[in-house]
Amino acid sequence: MIDPFGRAISYLRVSVTDRCDFRCTYCMAENMTFLPKRDLLTLEELERLCNAFIDKGVRKLRLTGGEPLMRKNVMHLIEALGRRIHDGALNELTLTTNGSQLTRFAQDLYDAGMRRINVSLDTLDAGKFREITRWGDFDKVMAGLDAARTAGLKVKINAVALAGFNEHEIDGLIRFAHGNGMDISLIEAMPLGEVDTDRSSQYLPLSKVRRDLEDRFTLTDLPLDTGGPARYVQIAETGGRLGFITPLSHNFCASCNRVRLTCTGMLYMCLGQDDNADFRAVLRDNPDDDDALHRAIDNAIARKPKEHNFELDDKTARIAVARHMSMTGG
Ligand code: SAM
Ligand code: SF4
């Protein structure tokens, strides 16, 4: 799959559910209305569609959500996709999770062929964890991290950098991750979807975080290019890697290799643009015709835009894109 700007599309992110057992303040309103079941792709539809993308050249597939491990019988899908790793069609199958269900699933994920996962964790203070996730249980996530590492999964921690919340805790998060053999990435907060908190007070530019860290740590830029909005540094003092994920900056669009599928089967060719392709209709109109699916994939990739058009007004942190992160997946 080559898009009009010569970029090979090899990475698919799939939101398998919009539901979640947490209500992180920057992601969801506490009182969320979730989609009716009939709007969601079934697990069989998700499998068929992911397989079509793999047949077209996707080599890395990430499941996300909502909380992907909250989707009923999600292991059926993960095991089916894991078989594409075993047959050599897929290089990597991975997951972004809040960690709440890992004690139950870590070993099954490893057995299905997963080797690396991302776990979101914004604070190491149990009380603050409850404050930011509203419904999350810190001890359960800590136990989940242990279970993941025991199962042999390599873990990367993702932390959203939030002004006035965890900006003075970032050293601690880095030391915790690196001290336990995990990488860590910081994510810049994005104005995605209506939430019932004031986003402008939460926005913390990672350029500022980096400058602060340089007072205490020796950061060396790593050349590693993942085709995504992450830039990595090595930290001499901890011996670990730190990523800075700045989705609002434009400097990664030229190497963008990814597209995103929502749990309702809408393919977004760019996180920051509203144009999408309706694969639920294609799937349901052509139950036995994978050629139709393949043609629809070609048509969608041909529409991938050159770059996103996020507008972040620092003062109002105005919403640039109406859908929630839990729809498109993180
Ligand atoms: N529930 C899973 C989790 O929390 O890891 C997967 C889905 S979640 C939407 C994926 C990632 O997006 C998480 O790391 C989360 O912190 C991040 N995220 C959610 N809303 C965000 C926002 N408005 N700005 C930046 N990152 C956000
Ligand atoms: Fe749920 Fe992840 Fe959103 Fe938090 S960030 S509410 S865990 S989907």
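No experiment lies behind these values; they were computed from the predicted model shown. (Residues numbered from 1 in each chain as written. Chains lettered and ligands numbered in written order. Predicted model: local features only at pLDDT ≥ 70, side-chain atom pairs only at ≥ 80, totals over all residues. Heavy atoms only, no water.)

Trainee: Account for the sheet that holds strand E2 (residues 60-64), naming residues and giving values.
Mentor: On the basis of which strands lie adjacent, the open sheet formed by 12 strands has the order E7-E8-E9-E6-E5-E4-E3-E2-E1-E10-E11-E12 and mixed pairing. Strands at the two margins of the open sheet, each flanked by one partner only, are strand E7 (219-221) and strand E12 (276-278). Between one strand axis and the next, the sheet turns through 25° on average, direction left out of account. Examined bridge by bridge, strand E3 (residues 92-97) and strand E4 (residues 116-120) share 3 bridges and lie parallel to one another. Bridging from a neighbouring strand, Leu95 pairs with Ile117 of E4. Against the sheet, helix H6 (residues 170-179) makes contact with strand E5 (154-161), strand E6 (183-188), strand E8 (230-235) and strand E9 (240-245), and its axis sits at roughly 150° relative to E6, the strand it touches most. (Pairing = 2+ DSSP bridges. Helix = DSSP H or I, 4+ residues; strand = E, 2+ residues; numbered from the N terminus. Axes fitted to C-alpha atoms, helices over the stretch in contact; angles between N-to-C directions. Contact = heavy atoms within 4.5 Å.)

Trainee: Provide a residue-level description of the packing of helix H3 (residues 102-112) against helix H5 (residues 138-151), including the pertinent values.
Mentor: Two elements in contact, H3 and H5, have axes separated by 8 Å at closest approach and are oriented at 20°. By the angle between their directions, the pair H3 and H5 is classed as roughly parallel. Handedness of the H3/H5 crossing: right-handed. Contact residues: H3 offers Leu102, Thr103, Ala106, Gln107 and Tyr110, while H5 offers Ala143, Gly144, Ala147, Ala148 and Ala151. Looking at the contact of H3 with H5, its residues break down into 7 nonpolar, 3 polar and no charged. (Parallel < 35°, antiparallel > 145°, perpendicular 65-115°, else oblique. Left-handed = near helix turned anticlockwise from the far one by under 90°. Nonpolar A, V, L, I, M, F, W, Y, C, P; charged D, E, K, R; others polar.)

Trainee: So what about the nonpolar core? Which residues, and what values?
Mentor: Grouped together as the largest cluster of nonpolar side chains are 98 residues, with contacts concentrated most on Leu12, Phe53, Leu61, Ile78, Leu109, Leu267 and Phe279. The dominant element in this core, judged by the number of residues it contributes, is helix H1 (residues 43-56), at 7 residues. Apart from the residues within four sequence positions on either side, Ile78 is in contact with Leu63, Leu69, Leu93, Leu109, Ala112 and Met114. Residues Met190, Leu192, Tyr203 and Leu248 belong to the second largest nonpolar core, which totals 5 residues. (Core = buried A, V, L, I, M, F, W, Y, C linked by side-chain atoms within 4.5 Å. Buried < 20%, exposed > 50% of the residue type's maximum accessible area, 1.4 Å probe, protein only.)

Trainee: Pulling in residues and values, what's your account of the pattern of salt bridges?
Mentor: Counting across every chain of the model gives 18 salt bridges. A salt bridge links Arg7 to Asp3, with the shortest nitrogen-to-oxygen separation between them at 2.6 Å. The residues Arg7 and Asp3 share a single accessibility class, namely buried. Across the pair Asp290 and Arg48 runs a salt bridge, and its minimum N-O distance is 2.9 Å. Residue Asp290 is found in helix H9 (residues 290-301), and its partner Arg48 is found in helix H1; the two are separated by 242 residues along the sequence. Among the ionic contacts, a cluster of salt bridges with common partners joins Asp55, Arg84 and Asp87. (Salt bridge = Lys/Arg side-chain N within 4 Å of Asp/Glu carboxyl O.)

Trainee: I'd like a rundown of the environment of Leu63, residues and numbers included.
Mentor: Within the secondary structure layout, Leu63 lies in strand E2. Taking the C-alpha atoms as reference, Leu63 lies 10.0 Å from Leu77; in sequence the two are 14 residues apart. The contacts of Leu63, once residues within four sequence positions are left out, are Val14, Val16, Pro68, Leu77, Ile78, Leu81, Thr94, Leu95 and Thr96.

Trainee: Report on the pairing of E6, specifying residues and quantitative values.
Mentor: The side chains of a regular strand alternate, residue by residue, between the two faces of the sheet. Along E6, 6 of the 6 residues are buried, which leaves the element largely enclosed by surrounding structure. Residues Asp183, Ser185 and Ile187 point to one face of E6 and Ile184, Leu186 and Glu188 to the other, with burial holding for every one of them. Inspection of the sheet shows E5 paired to E6 by 6 bridges, in the parallel sense. Its bridge partner being in E6, Ile157 is matched across the sheet by Ile184. Since E5 and E6 lie parallel, the crossover through H6 that links them has a hand, and here it is right-handed. Examined bridge by bridge, E6 and E9 share 4 bridges and lie parallel to one another. Residue pairing in the sheet places Ser185 in a bridge with Gly243 of E9. (Right-handed = clockwise from strand over helix to strand, strands pointing away.)

Trainee: Which residues make up the site of ligand 1, and what are the values?
Mentor: In the vicinity of ligand 1 lie 19 residues, with Tyr26, Gly66, Ser120, Val160 and Met190 positioned nearest. Within the backbone of Thr97, an N or O atom sits 3.2 Å from an oxygen atom of ligand 1. Met190 is positioned such that a nitrogen or oxygen atom in its backbone is 2.7 Å from a nitrogen atom of ligand 1. Coverage of ligand 1 by the protein amounts to 96% of the 540 Å² it exposes when considered alone. For the shell around ligand 1, the elements supplying multiple residues, two or more each, are E3, E5 and E6. Across the shell around ligand 1, the residue classes break down as 7 nonpolar, 9 polar and 3 charged. (Near = heavy atom within 4 Å. Polar contact = N/O pair within 3.5 Å; in protein donor to acceptor, adjacent residues only side chain to side chain. Areas by Shrake-Rupley, 256 points an atom, 1.4 Å probe, with all protein chains shown as cover.)

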